[in-house]
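A structural walkthrough
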Amino acid sequence: MIIGTPKELFEGENRVAMTPASAKELQKLGHSCVIETKAGQAAGFSDKDYKDAGVEVVKTAAALWKAAEIVAKVRAPNESEMKRLSADQTLISFFSPVADEAKMKSAARKGATVVAMEMIPRISRAQKMDALSSMANIAGYRAVIEAGNNFPRFFTGQITAAGKVPPAKVLVVGAGVAGLAAIGTSTSLGAITYAFDVRPEVAEQVESMGAEFVYLDFEEEQADGASSGGYASVSSPEFAAAQLAKFREIAPDMDIVITTALIPNREAPELWTEDMVKSMKPGSVIVDLAAEKGGNCKLTVMDEKIVTDNGVTIIGYTDFPSRMAAQSSTLYATNIRHLMTDLTPEKDGVVDHDMEDDVIRGATIAHAKDVTFPPPPPKIQAIAAQPKAEVVELTAEEKRAAEVAAFKAQTKQQVTLLAVGAALLLGVGLVAPASFMQHFIVFVLAIFVGFQVIWGVAHSLHTPLMAVTNAISSIIILGALMQIGSGSFLVILLAALAVFMTGINIFGGFLVTRRMLAMFQKS
Amino acid sequence: MEFGFTTAAYVVAAVLFILSLGGLSGQESAKRAVWYGIVGMALAVAATLIGPGSGFWLLSILLIAGGGAIGYQLATRVQMTQMPELVAAMHSLVGLAAVFVGFIAHFEMGRVAALVAAGVDLSDLGTFAALIAKKTSVELGILRVELFLGIFIGAITFTGSVIAYGKLAGKVDSAAKKLPGGHLHNIAAAAVAVITLIWYFNTGGFFPLFLMTLAALFIGYHLIMGIGGADMPVVVSMLNSYSGWAAAAIGFSLGNDLLIVVGALVGSSGAILSYIMCKAMNRSFVSVILGGFGGPAGEQMAVEGEQIAIEADGVATALEEADSVVIIPGYGMAVAQAQQNVAELTRRLRAKGKTVRFAIHPVAGRLPGHMNVLLAEAKVPYDIVMEMDEINEDFPDTDVAIVIGSNDIVNPAAQDDPNSPIAGMPVLECWKAKQVFVSKRGQGTGYSGIENPLFFKENTRMFYGDAKASLDALLSKI
């Protein structure tokens with residue numbers, strides 16, 4: 001197959017979808033490559049470099065579109081490129097099936113196949129083709145560099161002969177790929193870096209990069225990112241409020257804020273409000289990587305750098321990858337090359353567009369005259385979801401039936417016990433004299449009370465319970481006291497001994513209980 | 001008038017005692033509850049001294065004060081690890097007192113009968129004697145049964161507690177031991193007791209009572225000798241219960257309602273504790289009391305794998321990386337006196353922001369709630385000390401579980417191997433944690449003599465050595 005890459009038409013786009021290195025690899029798969037003249041110039045690749053790599057260089061875009069069976073580019077095609085797209089041609093590029101829905105439909109009508117790079121599913125196997133991640137990585141790095149360029153102080157703290165310099169404090173909001181790259185860059189420049197994300201499970205990653213995770217004082221189970229393909233999902237209003245409160249608290253302390261919070265196919269959430277910007281020190285820098293989707297800070301102006309009245313610089317560039325075109329082109333071209341490897345499994349230059357394959361199916365949005373977006377859910381879960389406790393859901397009737405059965409069993413047991421108890425009591429009452437029965441009633445009632453009371457005793461207090469029951473079982477002292485005065489020497493001796501021993505017990509028991517209880521402390 | 005006052009005081013005391021036990025439902029209310037008990041006891045004793053306890057009140061107070069001084073010494077000096085011994089020793093005192101009071105009642109009966117026979121005027125007799133003098137012959141018969149029971153239970157409590165004390169204090173070999181013939185001796189002694197009861201009921205002589213006392217003392221001795229170390233929580237709570245029933249029986253014979261009420265309270269308390277302990281071991285009360293583990297019901301599962309040892313460094317590294325740690329203390333921690341080291345480890349880990357909790361099995365240690373008291377002594381806050389049911393579900397989310405001196409209560413065979421002698425016993429499922437460290441002296445088996453598959457699991461590492469020394473080594477690395 002012939003793979004062609006035209007010059008990007010988008011204003012200021014410096015990237016190119018094919019590099020001399022990637023072209024060599026593509027040829028190894030049995031493909032041949034063409035490129036429009038000067039397509040790689042902005043990224044630092046000359047036509048000669050391409051020729052040396054065995055790439056045919058054509059003069060015009062029209063010729064390229066005619067020659068290529070597969071067109072690989074960076075930006076989504078514009079109107080004129082859409083016209084050039086022909087049936088049976090395959091287009092590989094960034095292509096938002098939501099924003100560019102009309103183009104997607106027209107491509108499908110023509111019978112062209114469109115593979116959208118942002119639709120590559122987030123599964124381990126597809127990481128090598130994940131252009132969003134590789135671009136985000138660059139954006140995160142560049143955001144810090146761009147911030148540093150506009151920040152009038154050092155990142156790292158220094159103690160010099162000319163005085164002490166405090167380290168810069170950097171907050172990264174959103175610890176996705178871009179956020180993590182920003183954290184890594186920022187910490188290696190020596191700044192004290194803080195990071196926040198709505199997905200609590202990334203705290204570990206954040207901390208592994210050397211930043212401090214900003215925890216909220218908020219008790220709610222956040223949706224595990226694993227359920228939404230590793231992306232953040234929309235959070236509850238309470239959570240959002242807690243998050244804003246935390247940001248407001250730390251805003252005056254921060255020198256550089258880099259916001260990267262994006263939710264797929266939605267406007268960017270507002271995380272850095274106007275009052276937070278106002279509370280920041282003059283000279284502080286905000287880099288809003290979500291500028292393209294409206295910005296995490298509402299003051300952000302897309303594609304521009306502004307300075308607020310209180311001297312805070314807000315950078316809303318959306319072309320960070322393009323600003324590092326050599327690097328980003330290399331990575332993007334490699335992503336494309338990996339995709340082609342998957343598309344040509346036999347390495348014989350024949351493309352097998354396998355719609356059963358999770359990755360290819362997911363990324364293809366138009367194929368065989370059909371719109372194939374949205375794709376079915378991938379067969380493999382993106383990230384192993386944290387196993388949640390499995391609760392067997394009983395239906396209401398089953399629950400009710402179980403309750404009724406339990407209640408019946410309990411009633412039966414209680415009634416049986418009561419009947420047996422009552423029969424025994426009556427039996428005793430038949431033979432025993434009234435004076436005995438009086439005491440006996442007291443005895444039975446006391447046991448009953450005892451059972452009711454003791455069940456409530458906390459497990460951890462069983463030892464004190466034993467000590468205290470020990471002390472009060474020395475109530476037997478009363479028996480000895482009542483008899484000590486009556487008659488014979490033997491009686492007095494025995495009673496005196498009993499009083500003495502129970503005396504030990506009463507004092508010992510209560511004191512040791514008090515000692516133990518005093519030790520129980522709350523944290 | 002005096003008696004009316006005494007009865008009123010008894011009612012108040014009874015209410016206070018009930019409140020005192022009920023207050024133990026929470027750590028904070030418990031501190032108040034003890035005072036209820038103390039006031040109740042003071043009230044009861046004072047009311048008795050003023051009322052029916054006529055004569056010799058000065059002697060009584062002196063004796064109480066003397067006993068109190070000894071009690072004070074004991075209570076303030078005892079180590080928390082010695083708590084089981086103290087409790088057992090105190091039970092024996094209650095048992096012996098019950099025996100004495102029972103004998104006194106018997107002597108009084110004889111004296112009154114002699115006086116009645118001589119036709120002497122009975123008006124200046126002591127209060128108890130006056131009470132007896134009014135009784136009809138049926139009531140006297142019942143009285144005999146009551147005091148007989150009081151002495152019987154008291155005597156069993158006495159020798160049983162003495163043996164339990166000896167075993168807990170290490171003065172008597174804690175292994176289960178029986179005289180040749182086993183339970184036949186107990187049965188014989190019980191038969192003697194029944195025969196003497198009938199004999200005594202008919203004659204009222206001293207000899208059958210004395211004979212029965214000897215039989216009961218023997219039962220107490222032999223019964224407890226036959227029960228091994230790890231069953232001690234059940235034994236101690238059972239003796240606790242007996243001391244209550246003895247008091248209640250004496251209360252019947254003296255016609256004293258307060259004694260009956262308190263005896264019943266204590267008796268039911270001990271019974272419930274025994275029940276809880278037995279349930280925690282999945283064994284019936286009878287099988288515990290009759291002593292020893294039965295032989296295995298069938299071929300036990302063979303344990304595969306090997307025990308892998310680890311040094312303090314490895315444990316320290318794993319703890320540094322862990323976020324949540326659960327510590328499972330057992331009797332070994334008490335023996336090694338390692339609770340302070342455990343508490344120090346907890347403090348350090350908590351200072352690093354890790355979640356540290358304790359999992360307490362109901363029968364860990366030698367006394368119900370023993371571990372809780374030891375940890376409290378070492379100033380571990382009680383709200384991180386969890387019961388088995390509270391924490392068992394959390395083990396899969398736990399990074400590191402540390403087992404310190406426990407064995408059978410963390411044995412997975414209880415769940416996996418239906419032929420295991422401890423099959424069905426609820427256990428702490430610590431093997432579900434990502435990593436388990438077992439601090440243990442050597443490779444031996446636990447009390448029950450059963451191999452513990454936990455030690456052979458892939459995620460288990462054995463941290464051999466005395467618990468205290470091991471923890472010292474560990475603390476120096478954290």
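Within any chain, residue numbers begin from 1 and follow the written order of that chain's sequence. Chain labels run from A onward and ligand labels from 1 onward, assigned in the order the entries are written. For this predicted model, a pLDDT threshold of at least 70 governs which residues receive local features, and a threshold of 80 or more governs which side-chain atom pairs are given and counted, while totals over whole chains, interfaces and linings are taken from all residues. Here the side-chain values reflect all heavy atoms present in the structure, with hydrogen atoms and water set aside.

1. Re the overall build of chain B
For the record, the criterion: In this description a helix means any DSSP run of H or I spanning at least four residues, a strand means any run of E spanning at least two, and both kinds are numbered starting from the N terminus. Only protein chains enter the accessibility calculation, which uses a 1.4 Å probe; a residue is then buried when its area is under 20% of its type maximum, exposed when over 50%, and partly exposed in between. All accessibility values rest on the Shrake-Rupley procedure with a 1.4 Å probe; residue burial counts only the protein chains present in the view.
Within chain B, the regular secondary structure consists of 18 helices and 6 strands. Counting only residues that meet the buried cut, chain B has 57% of its 478 residues in that class. For chain B, the accessible area works out to roughly 18,400 Å², and carbon and sulfur atoms hold 62% of it.

2. Section: the packing of aromatic side chains
Worth spelling out the cut-off: Pairing of aromatic side chains here covers Phe, Tyr and the six-membered ring of Trp, requires ring centres within 6.5 Å, and sorts the geometry by plane angle: under 30 degrees stacked, over 60 edge-to-face, intermediate tilted.
For the coordinates displayed, the defined rule picks out 20 aromatic pairs over all chains. Taking the centre distance of 6.3 Å and the plane angle of 40° together, the rings of Phe440(A) and Phe252(B) count as tilted. Highlighted residues: Phe440(A) in helix H15 (residues 434–454) and Phe252(B) in helix H9 (residues 232–254), drawn from two different chains. Residues Phe440(A) and Phe252(B) agree in their burial class; the two are buried. Note on Trp199(B) and Phe207(B): the rings are 5.7 Å apart at their centroids and 65° apart in plane angle, and the pair reads as edge-to-face. In textbook terms, an aromatic cluster arises when at least three aromatic residues are bridged by ring pairs, as seen for Phe196(A), Phe213(A), Tyr215(A), Phe247(A) and Trp272(A).

3. Looking at the packing of H15(A) against helix H10 (residues 257–281) of chain B
Here is the rule: Axis angles are defined between N-to-C directions and span 0 to 180 degrees, where every axis is a line fitted to C-alpha atoms and, for a helix, only to the segment in contact. The handedness criterion is simple: a crossing whose near helix is rotated anticlockwise from the far helix by less than a right angle is left-handed, and one whose near helix is rotated clockwise is right-handed. In what follows, residue pairs with any heavy atoms lying within 4.5 Å of each other are defined as contacts. Basically, the charged four are Asp, Glu, Lys and Arg, the nonpolar ten are Ala, Val, Leu, Ile, Met, Phe, Trp, Tyr, Cys and Pro, and anything else, Gly included, counts as polar.
Packing of H15(A) against H10(B) brings their axes to within 8 Å, and their N-to-C directions diverge by 35°. In terms of crossing hand, the pair formed by H15(A) and H10(B) is right-handed. Every residue of H10(B) that contacts H15(A) at His439(A), Val442(A), Phe443(A), Ala446(A), Ile447(A), Val449(A), Gly450(A), Phe451(A) and Ile454(A) is listed here: Asp257(B), Ile260(B), Val261(B), Ala264(B), Leu265(B), Ser268(B), Ser269(B) and Ile272(B). Each residue belonging to the contact of H15(A) with H10(B) can be placed in one class, and the counts come to 12 nonpolar, 4 polar and 1 charged.

4. Points about the sheet that holds strand E9 (residues 169–173) of chain A
This is how the line gets drawn: For two strands to pair, DSSP has to find at least two bridges joining them.
Strand order in the open sheet made by the 7 strands is E11-E10-E9-E12-E13-E15-E14 (chain A), with mixed pairing throughout. Of all strands in the sheet, those bounded by a partner on one side alone are strand E11 (212–213) and strand E14 (305–307) of chain A.

5. Regarding the interface of chain A and chain B
Going by this rule: Accessible-area loss on putting two parts together, using a 1.4 Å probe and summing over both, is the definition of buried area adopted here. Distance and chemistry together define a polar contact, namely a pair of N or O atoms within 3.5 Å, with one atom able to donate a hydrogen and the other to accept it when in protein, and with adjacent residues in sequence counting only for side-chain atoms on both sides.
Listed as interface residues are 80 residues of chain A and, on the opposing side, 110 residues of chain B. In total, about 8,600 Å² of surface goes out of reach between chain A and chain B, with carbon and sulfur atoms giving 79% of it. Remark: the boundary between chain A and chain B carries 9 residue pairs in polar contact (both at pLDDT 80 or more). Counting residues per element, the side of chain A that touches chain B draws most heavily on helix H18 (residues 489–519) of chain A, which supplies 29 residues. Classifying every residue of the side of chain A that touches chain B by side-chain character gives 52 nonpolar, 25 polar and 3 charged.

6. Quick notes on unusual backbone geometry
All names here are of chain A. With omega at -5°, the peptide bond leading from Phe-373 into Pro-374 counts as cis. Along the chain, Pro-374 turns up in the loop between strand E17 (370–371) and helix H14 (396–431). With a phi angle near 50°, Ala-368 is a residue other than glycine that sits in the positive phi range. With respect to the helices and strands, Ala-368 occurs in the loop between strand E16 (364–367) and E17.

7. Some details on helix H6 (residues 131–150) of chain A
For the record, the criterion: Expected span of a helix: the number of residues minus one, times 1.5 Å.
Look at H6(A): 28 Å from first C-alpha to last across 20 residues, which is about the 28 Å you get at 1.5 Å a residue. A side-chain oxygen of the first residue of H6(A) lies 3.3 Å from the backbone nitrogen of Leu132(A); this N-cap is Asp130(A).

8. Thoughts on a negative patch on the surface
Quick note on the threshold: A patch is a set of surface residues, each over 30% in relative accessible area and not in a salt bridge, joined within 9 Å for like charges and within 5 Å for the nonpolar side chains Val, Leu, Ile, Met, Phe, Trp and Tyr. Here, a salt bridge means any side-chain nitrogen of Lys or Arg that lies within 4 Å of a carboxyl oxygen of Asp or Glu. His residues and chain termini do not enter the charge count, which takes Lys and Arg as positive and Asp and Glu as negative. Where a charge sits is defined by one atom per residue type, namely NZ (Lys), CZ (Arg), CG (Asp) or CD (Glu).
A surface patch of like charges, here negative, comprises Glu346(A), Asp348(A), Asp352(A), Asp354(A) and Glu356(A). Considering the arrangement of structural elements, one finds Asp352(A) in the loop between helix H12 (325–343) and helix H13 (358–363).

9. Quick word on the confidence of the model for chain B
All names here are of chain B. Filter applied, for reference: pLDDT is a residue-level measure of predictor confidence that goes from 0 to 100.
Scored by pLDDT, chain B comes out at a mean of 82, with 87% of its residues at no less than 70. Confidence drops under a pLDDT of 50 for residues 293–298, and excluding neighbours within four residues, the segment shows 9 contacts in the predicted structure. For this predicted complex, the interface confidence score (ipTM) comes to 0.80, while the overall pTM stands at 0.56.

10. Considerations on the nonpolar core
We count it as follows: Note on terminology: a nonpolar core comprises buried Ala, Val, Leu, Ile, Met, Phe, Trp, Tyr and Cys residues joined through side-chain atoms within 4.5 Å.
Counting residues in hydrophobic clusters, the biggest one holds 194 residues, and the most contacted among them are Leu258(B), Leu319(B), Ile328(B), Phe395(B) and Cys430(B). In terms of residue count, helix H4 (residues 83–118) of chain B provides more of this core than any other element does, 16 residues in total. Core analysis: the next-biggest nonpolar cluster, separate from the first, contains 39 residues, Phe45(A), Val74(A), Leu339(A) and Ala363(A) among them.

11. Side note on the pairing of strand E2 (residues 355–360) of chain B
Residues and elements named next belong to chain B. Put simply, the rule is: Crossover handedness is defined by viewing with both strands directed away from the observer: a clockwise path from the first strand over the helix to the second marks the crossover as right-handed.
Along E2, 5 of the 6 residues are buried, which leaves the element largely enclosed by surrounding structure. Here strand E1 (residues 324–329) runs beside E2; their pairing, made up of 4 bridges, is parallel. Bridged to Val-326 within E2 is Arg-357. Relative to strand E3 (residues 385–387), E2 is paired through 3 bridges, and the arrangement is parallel. Within E3, the position partnered with Ala-359 by the bridge is Met-386. For the crossover from E2 across helix H15 (residues 370–377) to E3, the handedness is right-handed.

12. Digging into the sheet that holds E16(A)
All names here are of chain A. Strand order in the open sheet formed by 8 strands is E3-E2-E1-E4-E5-E6-E16-E17, with mixed pairing between adjacent strands. Edge positions in the sheet fall to strand E3 (56–58) and E17, since each has one partner strand and no second. Two strands pair when backbone bridges link them, and strand E4 (residues 70–72) and strand E5 (residues 90–93) are joined in this way by 3 bridges, in the parallel orientation. Pairing of Ile-70 across the sheet is with Thr-90, part of E5.

13. Focus on the confidence of the model for chain A
Overall, the predicted model of chain A reaches an average pLDDT of 84, with 92% of residues at or above 70. Per-residue pLDDT stays below 50 along residues 381–391 of chain A; that stretch engages in 11 contacts with residues further than four places along the chain or on separate chains.

14. Section: the pattern of salt bridges
A side chain with one charge can pair with a side chain of the opposite charge if their charged atoms come near. Residues and elements named next belong to chain A. For the structure shown, the criterion picks out 25 salt bridges over all chains. Of the charged contacts in the structure, one is a salt bridge between Glu-8 and Lys-73, with a shortest N-O distance of 3.1 Å. Placement of the pair is Glu-8 in the loop between strand E1 (2–5) and helix H1 (20–28) and Lys-73 in the loop between E4 and helix H4 (79–84), with a sequence separation of 65 residues. Taking relative accessible area as the criterion, Glu-8 reaches 7% and is therefore assigned buried. By relative accessible area, which is 1% here, Lys-73 ends up buried.

15. Observations regarding the pairing of strand E12 (residues 256–259) of chain A
Residue and element names in this part refer to chain A. The alternating pattern of E12 places Ile-256 and Ile-258 on one face and Val-257 and Thr-259 on the opposite face, and all of these are buried. Bridge count for E9 against E12 is 4 bridges, and the pairing is parallel. Looking at the pairing, Val-172 lines up with Ile-258 of E12. Pairing between E12 and strand E13 (residues 285–288): 4 bridges, direction parallel. In the strand pairing of E13, Thr-259 is matched with Asp-288.

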